[in-house]
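The chain contents come next:
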Amino acid sequence: MKITRVETIYLRQPEVKFQCDSGQDALIVKVHTDAGITGIGEVDSNPLGARGIIDGPFSHTTAAGLASLVVGEDPFETEKLWHKMYRGNIYGGRRGVAIHAMSGIDMALWDIKGKALGLPVWKLLGGGFHQKIRCYASSLFGHTPEETGNLARRYADQGFTAVKFGWDPMGQDAKTDVALVREARKGLGEGPDLLIDAGLVWDSKTALQRAIAFSEHDIFWLEEPLRPDDYEGYRKLSEATSVRIAAGEEESNRASFLDLMDKGRVDVVQVDLTRCGGFTEAMKIASLAWDRGLPVANHGFTTYINVTAALHWLNSIPNALICEFVAEEETNLRESITKQKLRAKDGYLDIPQEPGLGIELDEEAIARFRV
Ligand SMILES: [Mg+2]
């Protein structure tokens, strides 16, 4: 089998609000083959930047469009092709958007392999740890503490055993920060786990003060309190509090995750399959975390393609902690573009059993959102 074409598809909702919700647009990658099998992948990044990395021309041997490197190759050779893409674009591609772009192609290659063999991706990865995985309802904070409490109550009523709130308005002042967490806990009641995603707002001392204050409301983890390059701040914070510190969505490839683990000393490693370098790299990151005694979780705030990929991966590693599942009001785009609509049952998501990723695109919806 040979790869014949790589297609990038940019989707966008008619209205994109100024908020930290990356599900308002999407970059989908299709990898076509001469066997008639098409693999699907996704990139969560600056979408047109990632598209340029994929569709761009061969410039020279360390700056090549990723499609130009994989067309004509055998899609089964995922390890070889990962390194070919990495080496072929190393000039500008060691971190960030180029690794994000590679993730979409790598994901599509694994989808092709699964479809060709009639097996789910997790089986190809040697997985089979779970039948279902506990997930947390992932949401932005309400505009006020009270609104956050109401959201928490709604998610608890839906049967989730863990709920996360993130980003604005956290970080404005100590009083509001603590009120947001207090009301979230009040809304949830005592049972469910409460996860807090600060959204890159503090220095390490402020984060430590908040971690101590939030402890009174029993939080499961504190995510991304610091800017991602402040590994020293992460280390000081992690060593000073018993609250789990989680991070990783800003990292791409295992070298940057190694910095997060060994310099930043975080407690939970969050890996986004559409950013980290795809399945090929995510397996290695999970293994590095396992060697350090660290649990991992996925990150994914975009489409059901991303969550489905995460379920395959979490089912293939020994240190899966929990799965992120966006519980925001369904956006048009997320709810429309795939035939499968993921739903949590009693706070769990089932492991996909269909060949490949087990995701089909709704081509009519894709045409509707396509830019
Ligand atoms: Mg986050």
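Residues numbered from 1 in each chain as written. Predicted model: local features only at pLDDT ≥ 70, side-chain atom pairs only at ≥ 80, totals over all residues.

For the rest of this paragraph, the subject is the overall build of the chain. Each helix and strand in the chain was counted, giving 14 helices and 14 strands. By its C-alpha atoms, the chain is 60 × 40 × 40 Å across when sized along the principal axes. Buried residues in the chain amount to 51% of all 371 residues. Long-range pairs, those at least 24 residues apart, make up 74% of the contacts in the chain between residues at least 6 apart in sequence. (Helix = DSSP H or I, 4+ residues; strand = E, 2+ residues; numbered from the N terminus. Buried ≥ 20, exposed ≤ 12 C-beta atoms within 10 Å, placed from the backbone. Contact = placed C-beta atoms within 7 Å.)

Mapping Val31 onto the fold places it in strand S2 (residues 25-33). Judged by C-beta crowding, with 26 C-beta atoms within 10 Å, Val31 ranks as buried.

Let's shift gears to the environment of Leu321. Among the structural elements, Leu321 can be located in strand S13 (residues 320-326). Given 21 C-beta atoms within a 10 Å radius, Leu321 is considered buried. C-alpha separation for the pair Leu321 and Glu147, spaced 174 residues apart in sequence, amounts to 28 Å. Not counting the four nearest positions on each side in its chain, Leu321 is found in contact with Val268, Pro295, Val296 and Ala297.

If you look at the biggest cluster of nonpolar residues, it comprises 113 residues, and the most contacted ones within it are Leu66, Ile105, Val163, Ile219, Val269, Cys323 and Phe325. Residue contributions to this core peak at 11 residues, all from helix H4 (residues 97-117). Built from parts of two domains, this core gets at least three residues from each of domain 1 (3-119) and domain 2 (124-357). Each residue touching Cys323, except ones within four places of it in the same chain, is listed here: Ile133, Arg134, Cys135, Ala297, Asn298, Ala310, Leu311, Leu314 and Leu349. (Core = buried A, V, L, I, M, F, W, Y, C linked by C-beta atoms within 7 Å. Domains from an automatic or database assignment.)

The next subject is the packing of helix H6 (residues 145-157) against helix H7 (residues 174-188). Following both chains from N to C, one finds H6 and H7 inclined at 30°, their axes separated by 7 Å at the closest point. It follows from the interaxial angle that H6 and H7 lie roughly parallel. Seen along the crossing, H6 lies across H7 with a hand that is right-handed. The segment H6 lies against H7, with Pro145, Glu146, Thr148, Gly149, Asn150, Leu151, Ala152, Arg153 and Ala156 engaging Ala179, Leu180, Arg182, Glu183, Ala184, Lys186, Gly187 and Leu188. (Axes fitted to C-alpha atoms, helices over the stretch in contact; angles between N-to-C directions. Parallel < 35°, antiparallel > 145°, perpendicular 65-115°, else oblique. Left-handed = near helix turned anticlockwise from the far one by under 90°.)

Strand order across the open sheet formed by three strands is S1-S2-S3, with antiparallel pairing between neighbours. Taken across any chain shown, the strands that pair with only one partner, and hence form the sheet edges, are strand S1 (3-12) and strand S3 (38-43). Strand-to-strand twist across the sheet, computed as the mean angle between neighbouring axes with direction ignored, equals 20°. Bridging between S1 and S2 involves nine bridges; their strand directions are antiparallel. Residue Leu11 lies in a different strand from S2, and its bridge partner there is Ala26. The sheet contacts of H4 involve S1, S2 and S3, and relative to S3 the element is tilted by about 150°. (Pairing = 2+ DSSP bridges.)

On to the pairing of S2, then. Here six bridges tie S2 to S3, and the two strands are oriented antiparallel to one another. The partner of Lys30 across the bridge, within S3, is Ile40. The hairpin turn running from S2 into S3, its antiparallel successor, is four residues long, and Gly36 in that turn takes a positive phi close to 85°.

What follows covers helix H12 (residues 304-314). With respect to burial, H12 is a largely interior element, 11 of its 11 residues being buried. Those residues of H12 lying buried are Tyr304, Ile305, Asn306, Val307, Thr308, Ala309, Ala310, Leu311, His312, Trp313 and Leu314.

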